[in-house]
Amino acid sequence: YASIIIDDIGNNLKAAHQIIALPAAITLSILPATTYAKTVAQRAKEHQREVMLHLPLQSIKNHKASPGTLKLHMTETELLQQLRKDIAAVPDISGINNHMGSLLTRHPGYMNWLMNEMAIHGKLFFVDSRTTPQSIAAKIADEHAIPNITRDVFLDPDHHAGTLETQFKRFIHIANRRGYALAIGHPYPETIAFLTRHLDELKQQGIEIIPVSQ
């Protein structure tokens, strides 16, 4: 078994529709406060595609923060207010994974606040996108008894033609060796085109794409 999450959904309607149309149970992770968040979530549900919240967390590099980002200077009250807004922005989510977050995912206090709120919410799982090797998000999720899994492979960490090929092979190798694997990609035209061409290879290898919740 294997799962593929496509992150950063919500700003580009065409790309979202192309991903939903792919012949596999790809999971869509939608950024809050994006133009098409609700539309895409609804369309995904109609096509039996799983939807996650792609939760923006502060990173070490000073990237331009996405709307809805949870930040280090926030009090617990501020962080929870923002988190609840973000969860409400994307209907029918099954789980949450972090967008960026190389700073916040290494802080036990903030991760405790997040997982505590997820536990209250019930039925949500957490995926650690692992944007830093120092992430303790999965460990804290375990402590709160939240079902969680950690990303194995980024399919498209750069725009080099050979990267998708290499990363996809790694993904297949991990799934075959361990019995399951989790890859994360992005709604780039190259990634969508690559998956359109290569998803069949998973079937040939006897690997079934399933929603992350499974």
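Just above sits the structure.
The structure reproduced in this document is the subject of the present report. (Residues numbered from 1 in each chain as written. Predicted model: local features only at pLDDT ≥ 70, side-chain atom pairs only at ≥ 80, totals over all residues. Heavy atoms only, no water.)

### Some thoughts on the packing of aromatic side chains
Phase 1 of the analysis: By the definition in use, this model includes 3 aromatic pairs.
Phase 2 of the analysis: Ring centres of F168 and F171 lie 6.2 Å apart, and the angle between their planes is 50°; on these two criteria the pair is classed as tilted. Here F171 and F168 lie together in helix α6 (residues 161–178), a separation of 3 residues that amounts to about one turn.
Phase 3 of the analysis: By relative accessible area, F168 is classed as buried at 2%. (Phe/Tyr/Trp six-rings, centres within 6.5 Å; stacked < 30°, edge-to-face > 60°. Helix = DSSP H or I, 4+ residues; strand = E, 2+ residues; numbered from the N terminus. Buried < 20%, exposed > 50% of the residue type's maximum accessible area, 1.4 Å probe, protein only.)

### Digging into the sheet that holds strand β3 (residues 51–57)
Phase 1 of the analysis: In spatial order, the strands read β6-β5-β4-β3-β2-β1-β8-β7; together these 8 strands make up an open sheet with parallel pairing. Of all strands in the sheet, those with a lone pairing partner are β6 (148–150) and β7 (153–154), marking the two edges.
Phase 2 of the analysis: In the sheet, strand β5 (residues 125–128) pairs with β6 via 3 bridges, with the strands oriented parallel. Bridge pairing in β6 links F126 to N148. (Pairing = 2+ DSSP bridges.)

### Examining the packing of α6 against helix α7 (residues 189–204)
Phase 1 of the analysis: Between α6 and α7, the least distance of the axes is 11 Å, while the angle of their chain directions is 35°. Judged by the twist between their axes, the crossing of α6 over α7 is right-handed. In this structure, α6 uses L164, E165, F168, F171 and I172 to contact α7, whose residues at the interface are E190, T191, F194, L195, H198, E201 and L202. (Axes fitted to C-alpha atoms, helices over the stretch in contact; angles between N-to-C directions. Left-handed = near helix turned anticlockwise from the far one by under 90°. Contact = heavy atoms within 4.5 Å.)

From the geometry alone we can't say anything about function, so treat these as descriptive.
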